[in-house]
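# Residue-level structural notes
The primary structure of each chain is shown beneath.
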Amino acid sequence: MEHGSSFVYLPTNDHDSEEDLSENEMEEGIQRTAMRKQMFSARSAPAAPVSAPAVMEHKPLKRRQKKADTNILALKLGTLIEKAVVATGDPIFCGQCHAMFSSISTITRSEPEASSSSSSSSSSSSSSSSSSSSVSEGSQQEAGQVWKCEFCDHANHISIDEAEMPKADSVDYLLEPPTNHEQTAANTDARLVVFCVDISGSMCVSTEVAGKLDLKGSKTKDLQNLNTERADQYMPNQRRNVTYISRLQALQAAVDAQVQAMSKDAPNTKVGLVTFNNEVTIIGDAIQATHVIAGDKLYDYEGLIEAGSKHTIEQNVAHSASQFSQRIYQLEEGGSTALGPAIVVSVAQAAAVPGSKVILCTDGLSNVGLGSLDSLVTEEDTLRMNEFYRQIAEYASTKGVAVSVISIRGDDCRMEQLGTLADLTSGKVDIVDPLNITDQFSNIMAKPIIATHVQATLLLRTGMYVEEEDNTTEHASVAGTHSVTKNIGNVTSDSDYTFHYGVSPNAGSATAGRESLPFQVQIHYTRLDGAKMVRSLTQLKAVTQDRSEAEAAAHIPVMATHAAQQTAKMAQGGDYTRARMNNFLYMKMMDRSARTDEDREVAAKWTRDVSVVDAQLQSEQVEERRQGRAYSDDEAEDDEDAPDAKEREKKKKLTKMKARNHKRMDSASNALYQMKKGGY
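Residues numbered from 1 in each chain as written. Predicted model: local features only at pLDDT ≥ 70, side-chain atom pairs only at ≥ 80, totals over all residues. Heavy atoms only, no water.

## Details of the overall build of the chain
So the rule is basically this: Helical segments are the DSSP runs of H or I of at least four residues, strand segments are the runs of E of at least two, and each set is numbered from the N terminus. Only protein chains enter the calculation, and the probe is 1.4 Å; a residue is then buried if its accessible area is under 20% of its type maximum, exposed if over 50%, and partly exposed in between. Should any heavy atoms of two residues lie within 4.5 Å, those residues are considered in contact. For every accessible area listed, the method is Shrake-Rupley and the probe measures 1.4 Å; residues are considered covered only by the protein chains on display.
Broken down by element type, the chain carries 16 helices and 30 strands. When burial is assessed residue by residue, the chain has 53% of its 680 residues classed as buried. Pairs at least 24 residues apart make up 81% of the contacts formed inside the chain by residues separated by at least 6 positions. When the accessible surface of the chain is summed, it comes to about 30,400 Å², and 48% of that surface belongs to carbon and sulfur atoms.

What follows is the structure, given as structure tokens:
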């Protein structure tokens, strides 16, 4: 658990937390800052030039915006692979707010006294709730240990031995024992990888490469043998010293290279292959018999799940690599694109082993069977397909499967929908040149899943809140304090999740006069060996009302990660202008806060990244105006006190979100999915 600053910032008034900002000021500031950061630090890798912004007509209207601040909490979920202190007893939860007894908790001794409502907290090995018992009115409470909860001030009567008291900030509790001792986060050799490969007709499109290359699996020599007269086979003025490599050939070489590498470095890994054109072929490990799915079966979701589940991978890659290599080079292009059915089958096949990966490689739109994306005429069509791909992603996440999506540059694939598969399963998303697929495969394989079914609950002191991407606050789900739970699913070594918190102006005595405030995150997760765990992370953070003091102690990587994730979520929700303003506000704050060269390099990288995304969003807005589809970026109702004002505002936001989701270009969708990963 890392924070945006060494201090919790408590603004003293609205002037400290809000400012007026126009779109002109925002766009000029973004361009100016981006150009300055692009020139910073010779040690930084050369940056791709920031695209020139599209010309827009700006409104002079100023909007009241909440200032960016350092009140960020980041979870570095890759640390779940690291061993924490394992508690000897069961976790003890507060009987009122469900906070966990921790290293910052203190115990006092109680004297016997009559009590009408005293509660006693009990330990619980449940991953979701704790039990508590109440002392009946008029009963005599025995003397014992009392823990006054740091989050809600509730007095809990507990029983805990000295040896069971947490001594570290990070503590693990075992809720259920392992079920598979061979499958662990450290043992990445015992996993399953399924390549889901497009072999439709468009995969024959070729790229010109300088030099004469002898491609494995190429049929060029066979064709040359038909030219018995050895006549010139070139067109007039055609370049001679070049080789044309098709998309499928590039993909074949990349898959084969990855399989051969795994056979040496991770020989116990099992590798499967599923191909698709107008039908889906389950090739598996290339040793077992293949299975073809065609016709009406491509529209049967449950049947596709069953087919993938039944066709298990028997041999590890050490035994199957040779046959797999031969089989991959026998693939030929042709037909339509049954992508939707193929990904269902692939995920179902990979679901046999938690921690598995599915790598989808395609160059175009799904147009056969379930999940067809070639005829999304209306926004309702788009929403229906969104739900289909979300359904697959949620199924994959529950099975501990990560789905990565690699689209070959050149054709539209509706990345807005396909990217959901990766977004909800901790996979990767990218649009790549066909000659760079091998590098992308290596990047995907380098980040194995380390835990599944991850759920994080953040607990804050009474009077505090968590702010969502749409600037709303999540209210307390339990009396007396604030808590919010996020279902995260699979995590890899580079998985980050951030929260933006604040202190309510009406918090009163709950926070007033305190030198520090408590934070606790309870992370429930399942290890790859099947063990169910809960990790408690608890800290006290100092408080300041001085913004400059908080910013002087800022942790720039945490700020950059949160800003990137928040901006991407805002944009995906259709709030382009708010997302762009969010970028600018964080740019200004990080510009003020970066003190060291290392901080400035992180801020410069973040600025370059968000400048690319900003240009994409600006281009989307320009295209909307060009086509007469301009959407209001201010959904607030004039009569905010009207009974249905909130409902009308919500309806406007939903309309804009659906429209922009329906029209968003692949390049913009790809940039937003990548930005959500954070990783600074």
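Now that the structure has been shown, we can carry on.
## What to know about the sheet that holds strand S19 (residues 280–284)
Rules: We call two strands paired when DSSP finds no fewer than two bridges between them. Only the stretch in contact is used when fitting a helix axis, every axis being a line fitted to C-alpha atoms; angles between N-to-C directions are given from 0 to 180 degrees.
Strand order in the open sheet made by the seven strands is S20-S19-S18-S15-S21-S22-S23, with mixed pairing throughout. Looking at the sheet topology across the chains shown, the edges are occupied by strand S20 (291–293) and strand S23 (429–432). Mean inter-strand twist for the sheet, computed between neighbouring axes without regard to direction, equals 15°.

## Section: helix H5 (residues 301–310)
Put simply, the rule is: As used here, the arc belongs to the directions running from the helix axis to the C-beta atoms.
Looking at H5, one finds that the buried residues are Tyr301, Leu304, Ile305, Ala307 and Gly308. Down the axis, H5 shows its buried residues gathered within 165° of arc, on one side only. Away from the buried face of H5 by more than 90 degrees, exposed residues Glu302 and Lys310 are located. Close packing links the buried residues of H5 with S19, S20, helix H7 (339–350) and helix H8 (379–398).

## Some words on the pairing of strand S18 (residues 270–276)
Here S18 lies mainly inside the structure; six of its seven residues are buried. For strand S15 (residues 192–198) and S18, the ladder comprises seven bridges, and the chain directions are parallel. Along S18, the bridge assignment pairs Leu192 with Lys270. Hairpin connection of S18 to S19: three residues between the antiparallel strands.

## Some words on the packing of aromatic side chains
Centre-to-centre distance and the angle between the planes together describe a pair of aromatic rings. For clarity, the cut-off: By convention, a stacked pair of Phe, Tyr or Trp rings (six-membered ring in the case of Trp) has centres within 6.5 Å and planes under 30 degrees apart, an edge-to-face pair has planes over 60 apart, and any other such pair is tilted.
Under the definition given, this model contains five aromatic pairs. Ring geometry for Phe101 against Trp147: centres 5.3 Å apart, planes inclined by 90°, an arrangement best described as edge-to-face. With a gap of 46 residues between them, Phe101 in the loop between strand S6 (85–86) and strand S7 (107–110) and Trp147 in strand S12 (residues 144–148) connect regions that are remote in the sequence. The same class applies to Phe101 as to Trp147, namely buried.

## Quick word on unusual backbone geometry
At His98, a position not held by glycine, the phi torsion is positive, near 70°. With respect to the helices and strands, the residue His98 is situated in the loop between S6 and S7. One non-glycine residue, His453, lies in positive phi territory at about 50°. As for its placement among the helices and strands, His453 is situated in strand S24 (residues 449–460).

## Things to note about the side chain of Gln572
Mapped onto the secondary structure, Gln572 falls in helix H12 (residues 556–572). Sequence-distant contacts of Gln572, that is, excluding residues within four places in its chain, are made with Met657, Arg664, Leu672, Tyr673 and Lys676.

## Observations concerning the pattern of salt bridges
Note that side chains of opposite charge can pair when their charged atoms are close. Our working definition: For this document, the term salt bridge refers to a Lys or Arg side-chain nitrogen within 4 Å of an Asp or Glu carboxyl oxygen.
Under the criterion given, the structure shown has 21 salt bridges. The residue Arg247 makes a salt bridge to Asp411 at a minimum N-O spacing of 2.8 Å. Of this pair, Arg247 sits in helix H4 (residues 247–265) while Asp411 sits in the loop between strand S22 (402–408) and helix H9 (415–423), and the two are 164 residues apart along the sequence. Among the salt bridges present, the one from Asp529 reaches Arg527, with a minimum N-O distance of 2.9 Å. Through salt bridges with shared partners, a single ionic network connects Arg247, Asp363 and Asp411.

## Looking at the nonpolar core
Selection rule: Think of a nonpolar core as a cluster: buried Ala, Val, Leu, Ile, Met, Phe, Trp, Tyr and Cys residues, connected wherever their side-chain atoms sit within 4.5 Å.
Judged by nonpolar contacts, the single largest core of 48 residues is most densely connected at Val280, Ile343, Val358, Ile392 and Leu421. The biggest single contributor to this core is H7, with eight residues. Once residues lying within four places of it in the same chain are set aside, the contact partners of Val358 are Val194, Cys196, Ile343, Ser346, Val347, Ala350, Val401, Ala402, Val403 and Ser404. Counting residues in each nonpolar core, the second largest holds 31 residues, with Val8, Val454, Leu517 and Leu537 among its members.

## Focus on the packing of H5 against H8
Heads up, the rule is: Left-handed is the label given to a crossing in which the near helix is rotated counterclockwise from the far helix by less than a right angle, and right-handed is the label when the rotation is clockwise.
Contact pair H5 / H8: the axes reach a minimum separation of 13 Å and the direction vectors enclose 35°. Taken as a pair, H5 and H8 cross one another with a handedness that is right-handed. Between H5 and H8, the contacting residues are Tyr301, Ile305 and Ser309 on the first element and Phe388, Gln391, Ile392 and Tyr395 on the second.

## Let's talk about the confidence of the model for the chain
When pLDDT drops low, the exact placement of atoms in the prediction is not to be read closely. We apply this condition: As a per-residue measure, pLDDT tells how confident the predictor is, with possible values from 0 to 100.
On average, residues of the chain score 81 in pLDDT, and 76% of them reach the 70 mark or higher. Averaged over each element, pLDDT in the chain is lowest for strand S10 (residues 132–134) (35) and highest for H7 (97). Every residue in residues 45–56 scores below 50 in pLDDT, and together they form 19 contacts with partners more than four places removed in sequence or on other chains. Note on residues 471–480: pLDDT is under 50 here. Beyond four places in sequence and across chains, it has 28 contacts.

## Some details on the environment of Leu585
Looking at where Leu585 falls in the secondary structure, it is placed in helix H13 (residues 576–593). Sequence-wise, Leu585 and Lys66 are 519 residues apart; in three dimensions their C-alpha atoms are separated by 8.7 Å.

## A look at H8
Filter applied, for reference: Here a helix's expected span is defined as the number of its residues, less one, multiplied by 1.5 Å.
An ideal rise of 1.5 Å per residue puts 28 Å on 20 residues; H8 measures up with 28 Å between its terminal C-alpha atoms. Positive backbone phi, at 75°, marks Gly400, one or two positions downstream of H8.

## A short note on the environment of Asp300
Worth spelling out the cut-off: Under the rule applied, a polar contact is a pair of N or O atoms within 3.5 Å (in protein, one hydrogen donor and one hydrogen acceptor; residues adjacent in sequence only if both atoms are side-chain atoms).
Here Asp300 is to be found in the loop between S20 and H5. Given a relative accessible area of 39%, Asp300 falls into the partly exposed group. Once the C-alpha coordinates of Asp300 and Gly369 are considered, the two residues, 69 residues apart in sequence, prove to be 8.6 Å apart. In this structure the side chain of Asp300 is engaged in a polar contact, spanning 3.4 Å, whose partner is the backbone nitrogen of Glu302.

## Some points on the packing of H4 against helix H6 (residues 317–328)
This is how it is decided: Put simply, angles under 35 degrees are roughly parallel, angles over 145 are roughly antiparallel, angles from 65 to 115 are roughly perpendicular, and the rest are oblique. Residues are sorted three ways: Asp, Glu, Lys and Arg are charged, Ala, Val, Leu, Ile, Met, Phe, Trp, Tyr, Cys and Pro are nonpolar, and all the rest, Gly among them, are polar.
Packing of H4 against H6 leaves a shortest axis separation of 9 Å and a crossing angle of 165°. Judged on the interaxial angle alone, H6 and H4 are roughly antiparallel. In this structure, H4 crosses over H6, and the sense of that crossing is left-handed. Each of Gln252, Val255, Asp256, Val259, Gln260, Met262 and Ser263 in H4 lies in contact with H6, whose residues at this interface are Val317, Ala321, Phe324, Ser325 and Ile328. Counted by class, the contact of H4 with H6 contains seven nonpolar, four polar and one charged residues.

## Digging into the environment of Ile359
Secondary-structure assignment places Ile359 in strand S21 (residues 357–362). Here Ile359 falls in the buried class, since its relative accessible area comes to 0%. Separated by 43 residues in sequence, Ile359 and Ala402 place their C-alpha atoms 8.5 Å apart. Residues contacting Ile359, with those up to four places away along its chain left out, are Val193, Val194, Phe195, Cys196, Ser404, Ile406, Phe441, Ile444 and Met445.

## Details of the state of the cysteines
To keep it simple, the criterion reads: Note that a disulfide, as used here, is simply two cysteine sulfur atoms within 2.5 Å.
All chains considered together, the criterion is met by zero disulfides. Cys94 forms no disulfide, and the closest cysteine sulfur to it belongs to Cys152, at a distance of 3.7 Å.

## Notes on the pairing of S19
Along a regular strand, successive side chains alternate from one face of the sheet to the other. Along S19, five of the five residues are buried, which leaves the element largely enclosed by surrounding structure. Side chains of S19 alternate between two faces, with Val280, Ile282 and Gly284 and Thr281 and Ile283 buried alike. Where S18 meets S19, four bridges bridge the pair, whose relative direction is antiparallel. Bridged to Leu273 within S19 is Gly284. The sheet contact formed by S19 and S20 spans three bridges and is antiparallel. Paired with Thr281 across the two strands is Val292, which belongs to S20. The loop that links S19 with its antiparallel partner S20 comprises six residues; one of these, Ala286, has a positive phi angle of about 75°.

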